Amino acid sequence: MRSLFSTRLFWLTVAVLVGAAVLPQFASGYVLGLLTVAYFTAVFAMSWDLLFGFAGEVNFGPTFLIGLGAYTAGILDQQFSPGLSIWICIIAGALAAVIGGVVLALPALRVSGPYFGLTTLVAVLMLQNFVVVFADLTGGEIGLSVPDVITIDQKANYWIALGFMVVSGAILFGLSRSSIGLILQASGQDKVQAGALGFNVAKHKLAAFIVSAFFSGLAGALMVFYMGTASVGTFIDVSVGVQVIIAAVLGGRRTVLGAAIGAVFLIGMGEILRPLGELATPIVSVVALAVVLFFPNGFLGMLRGEARS
Amino acid sequence: MRSDVMLDVTGLTKRFGGLVAVRDLSFSIRPGEILGLIGPNGSGKSTAMKLIMGVERPTAGTILLDGENIAGLPSHKVARKGVGLVFQHSRPLHRQTVLENIKVALLPDSLLRLFADPHVDGQARAIAERVGLGKVMERKPPTLPFADLRRLELAKAIARHPKLVLVDEPFAGLTASETREFSELIRGFREEGRAVLLVDHNVKSVSALVDRVLAMYLGERIAEGSAAQVMADPTVRKVYLGGAITTVARPESSFKDVTPVLQVDNVSVSYGKAQALQGASIHVHEGEFVSVVGLNGAGKTTLFNAISGLVPYAGEIRWEGKPLKALSPAAIARTGLVQCPETRELFGDMSVRENLDLGGHFLPPKEREERLEWLLELFPILRARRAQMSRTLSGGEQQMLAIARALMMKPRLLILDEPTLGLAPVILETLSKALEKLRATTPISVLLGEQNVTFALPHADRVYVLDHARIAWEGPPGRFEAEAAATYL
Ligand SMILES: Nc1ncnc2c1ncn2[C@@H]1O[C@H](COP(=O)(O)OP(=O)(O)OP(=O)(O)O)[C@@H](O)[C@H]1O
Ligand SMILES: [Mg+2]
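Residues numbered from 1 in each chain as written. Chains lettered and ligands numbered in written order. Predicted model: local features only at pLDDT ≥ 70, side-chain atom pairs only at ≥ 80, totals over all residues. Heavy atoms only, no water.

A.B. asks: Would you mind showing me how to read the overall build of chain B here?
C.D. replies: In terms of helices and strands, chain B carries 18 helices and 20 strands. Overall, chain B is about 70 × 50 × 45 Å in size when its C-alpha atoms are taken along their principal axes. Counting all 489 residues of chain B, 55% fall into the buried class. Look at the contacts in chain B between residues 6 or more apart in sequence, and 69% of them connect residues 24 or more apart. Per element, the accessible surface of chain B, about 20,600 Å² overall, is 54% carbon and sulfur. Mean positive and mean negative side-chain charge positions of chain B (60 and 55 charges, respectively) differ by 3 Å. (Helix = DSSP H or I, 4+ residues; strand = E, 2+ residues; numbered from the N terminus. Buried < 20%, exposed > 50% of the residue type's maximum accessible area, 1.4 Å probe, protein only. Contact = heavy atoms within 4.5 Å. Areas by Shrake-Rupley, 256 points an atom, 1.4 Å probe, with all protein chains shown as cover. Lys, Arg positive; Asp, Glu negative; His and termini not counted. Charge placed at Lys NZ, Arg CZ, Asp CG, Glu CD.)

Written out as structure tokens, the structure is:
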């Protein structure tokens, strides 16, 4: 039964992705720009789902990792361009996020639940303060503009983001379905028991943090070179983090794929409702809330429910 | 050290702040030997197991496993040295099947081996067959009966072929026949040459199974020897076994109220497709003690949850003649209908005292004080632990707290769902006396759900048998043995 469903979902995914790949032939630059951002957000949300859905760690500060990646890459480029290739800047951004991930993992291994959640929030606020205080280096509240971009071709940018999302999604999804995903779930549910079964819980959780941080940071760095600027409001602010979390929960916790669907939906809705001005955000929030209330397993849960009946 | 000893524990000590949970404990187990560990609630049995498993770090002492000191190692290392622990509380992965849950226990602890070897599937199937889960391999844990969940825990613990198996209260909540099947499985470990450390309050089954018994009290050893010797030891009798339980049933005609206070009429409950209760009708008079007995999964908890308003049902439940259907669970509780659930539902991060105070929240201050005093008198260990967080209490201490909190609510009908779960025999005697006192001095009615017939029968004026979601028998306890015991339990 279940494998039947997963194959159906698999072919559906392939069909949607093929559609997405040929979309630039038909869609306007405006739509492509929007989807490019959505694809990056999707990677943020999928990385977050690996930590929360599988390792059971409530990370309220996904933007700590994203921001580290984005700002490290942006600052390096601004300081050393054109001497330094932007690809090196991007890799450095991802590595900085990994270091941040290890730093976050340390409290996670000692405290759990709300206490850990609190430390992640503090981490975001600290990063935000850092950016504001060292305005000379970071651009402060105005933002940091980077001299280089990957390409100015809108279609190329779109394909890069799409390809990046597909590759990251495949890796994260594969991990979640592997032995490691199962061990992470077991540790998230009861770490005493997981230990007694012979699993080094600390090692597995640390790995989850590193992988999640790597993809968050990489996506943040790539997005900087797509947008050409980095600002607190797009990469670090707590509200950005909340958006990422809502996307993951909305799409369906513990599914990885759901996180991507949720992200595209959220960004799309936000844009469609933009003419409503101030009202747009509350409407999107209410819709998200309703979905989560009535379908705790999100969009994928809805899909599955329909498949069952 | 003797070479034929597998586990050799010396001077094991564990302190939690000011409390010494295990004090200078020494014992050893040989391969192919089953050592029973008994003792009153809170005497340190589970703590001793956790120290061996590496879940807690010992304050002092050595733990030699085949000559190698494993004291203080983290549990995943202890596990890989060949120790397995069967947990009392099962927390399986709910979205995975039974088979997949067993497979998890067989996975390598490696970040590089992403997918399990193909032979893992065969191994997992073999283990499932071995513990009697062969028929339910493809089902998911939430749909399994209690006994099968315990089997799953056993399966996970032996997946890596541990040479030493620690089993904490395997028989708690199991019926007599399930207990026999479990005993058989554990006996199988002995034949395979594994060493077993077994904790349980079911004295009869422990005695029948073990080679040797070690009795603990307040963290220390008080007796050791053959089961017969230890059970005959005067100290063990006094602090652990207690006396026999005897009371007399009163005939139904002795209750004066014409309409019973509680009337359950043709009540049915279903969870999705599964029918958990089918047309059940029972009644309880004011002051009457009624026991509902039945196997695991027969529907006892469902019946109680329907009365407490926790699950929707068809049919009618009337309390003092008034239907309860429209009331919320909280409103039902305030009318004096109080349930002490099987799952205890304590406030884990609050102290013992705070849990009790919450129970007595609606009582006037003076009465609250008196009740509290009475209950702390009844369960002295709760007085000693009053400032402790209830999550860290021993299993039996938690059960006492749950019962005490229910009594703090000054119930007029007290529903006790499996109250004997995890309690030492001596505490059963205490509980029995408390119920007797309530019966003699107050008009309280009690509805007792049990599969421990030896406790349920003496405390009942009348008995119902629940079998496969239906009420199958009703009568006075004196007729139970002859008419119902063999057919339904
Ligand atoms: N983490 C902890 N902090 C403080 N006290 C603890 C902690 N864990 C256990 N204790 C106390 O240590 C004592 C021994 O507990 P343990 O669980 O070993 O008892 P037990 O013999 O297994 O009892 P039971 O038969 O009720 O299961 C208890 O009084 C308990 O309250
Ligand atoms: Mg215990």
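A.B. asks: Can you help me understand the environment of B:E184 in this one?
C.D. replies: Here B:E184 lies in helix 6 (residues 176-191). Spatially, the C-alpha atom of B:E184 lies 17 Å from that of B:K156, the residues being 28 residues apart in sequence.

A.B. asks: Help me out: how do you make sense of the pairing of strand 14 (residues 314-319) of chain B in this one?
C.D. replies: Within a regular strand, the side chains alternate between the two sheet faces. Residues and elements named next belong to chain B. Here strand 11 (residues 262-271) pairs with strand 14 via five bridges, running antiparallel. Note on strand 14: the bridge partner recorded for V264 is I317. As paired strands, strand 14 and strand 15 (residues 322-323) are joined by two bridges and run antiparallel to one another. Among the inter-strand pairings, R318 is bridged to a residue of strand 15, identified as P323. (Pairing = 2+ DSSP bridges.)

A.B. asks: For this particular structure, what's the right way to read the UniProt feature "transmembrane region" (unreviewed entry) in chain A?
C.D. replies: Feature annotation in UniProt assigns "transmembrane region" (unreviewed entry) to the following positions: residues 30-51, 84-108, 115-136, 156-175, 206-226, 232-250, 257-277 and 283-303 of chain A. Secondary structure across residues 115-136 of chain A comprises 95% helix and 0% strand; the distance between its end C-alpha atoms is 34 Å. (UniProt positions renumbered as here; feature names shortened; annotations may be inferred.)

A.B. asks: What is the right way to look at a positive patch on the surface in this model?
C.D. replies: Where like charges cluster on the molecular surface, the positive patch consists of A:R177, A:R253, B:R95 and B:K140. Mapped onto the fold, A:R177 is located in helix 7 (residues 154-177). (Patch = residues over 30% accessible without salt bridge, like charges linked within 9 Å, V, L, I, M, F, W, Y side chains within 5 Å. Salt bridge = Lys/Arg side-chain N within 4 Å of Asp/Glu carboxyl O.)

A.B. asks: How do you make sense of the interface of chain B and chain A when you look at a structure like this?
C.D. replies: Listed per partner, the contact involves 31 residues of chain B and 26 residues of chain A. When chain B packs against chain A, the two sides together hide about 2,500 Å² of surface, and 57% of this comes from carbon and sulfur. When the area that chain B buries against chain A is broken down by residue, the three leading residues are B:R91, B:R95 and B:L111, summing to 24%. Here B:D109 ties to A:K203 by a salt bridge, and the two come within 3.7 Å at their closest N and O atoms. The interface formed by chain B and chain A holds 10 residue pairs in polar contact (both at pLDDT 80 or more) in total. Among the elements that take part in the side of chain B that touches chain A, helix 2 (residues 75-80) of chain B stands out by supplying four residues, more than any other. (Buried area = accessible area lost by both parts, 1.4 Å probe. Polar contact = N/O pair within 3.5 Å; in protein donor to acceptor, adjacent residues only side chain to side chain.)

A.B. asks: How do you make sense of helix 18 (residues 477-488) of chain B when you look at a structure like this?
C.D. replies: Note on helix geometry: an α-helix contains 3.6 residues per turn, so any two residues three or four positions apart are oriented the same way. All names here are of chain B. Look at helix 18: only 14 Å from first C-alpha to last across 12 residues, short of the 16 Å you get at 1.5 Å a residue. For helix 18, the full list of buried residues reads P477, F480, A484, A485 and Y488. Summarising the axial view, the buried residues of helix 18 lie within an arc of 115°, below the 170-degree limit, and thus occupy one face. Structural note: helix 18 exposes E481, A482, A486 and T487 on the side pointing more than 90 degrees away from its buried face. Buried residues belonging to helix 18 abut strand 13 (289-293), helix 17 (453-456), strand 19 (462-467) and strand 20 (470-475). (Expected span 1.5 Å × (residues − 1). Arc of directions from axis to C-beta.)

A.B. asks: Is there a simple way to explain the sheet that holds strand 7 (residues 164-168) of chain B in this structure?
C.D. replies: Backbone-to-backbone hydrogen bonds join strands into a sheet, with any given pair of strands oriented parallel or antiparallel. Residue and element names in this part refer to chain B. Within the open sheet, the six strands sit side by side as 6-7-8-3-9-10. Their pairing is mixed. Two strands close off the open sheet at either side, each with one partner strand: strand 6 (83-86) and strand 10 (220-225). Direction aside, neighbouring strands of the sheet carry axes that sit 20° apart on average. Judged from the four bridges that link them, strand 3 (residues 34-38) and strand 8 (residues 195-199) form a sheet pairing that is parallel. Residue pairing across strands places L35 opposite L197, the latter belonging to strand 8. Set on the sheet, helix 1 (residues 45-53) makes contact with strand 3, strand 6, strand 7, strand 8 and strand 9 (212-217); between it and strand 7 the angle comes to about 150°. (Axes fitted to C-alpha atoms, helices over the stretch in contact; angles between N-to-C directions.)

A.B. asks: Help me understand the UniProt feature "domain: ABC transporter" (unreviewed entry) in chain B in this model?
C.D. replies: Residues and elements named next belong to chain B. As recorded in UniProt, the sites labelled "domain: ABC transporter" (unreviewed entry) are residues 7-243 and 262-489. Between the C-alpha atoms that bound residues 7-243 the distance is 34 Å, and the span itself is 36% helix and 25% strand. Secondary structure within residues 262-489 divides into 39% helix and 27% strand; the distance between the first and last C-alpha atoms comes to 26 Å.

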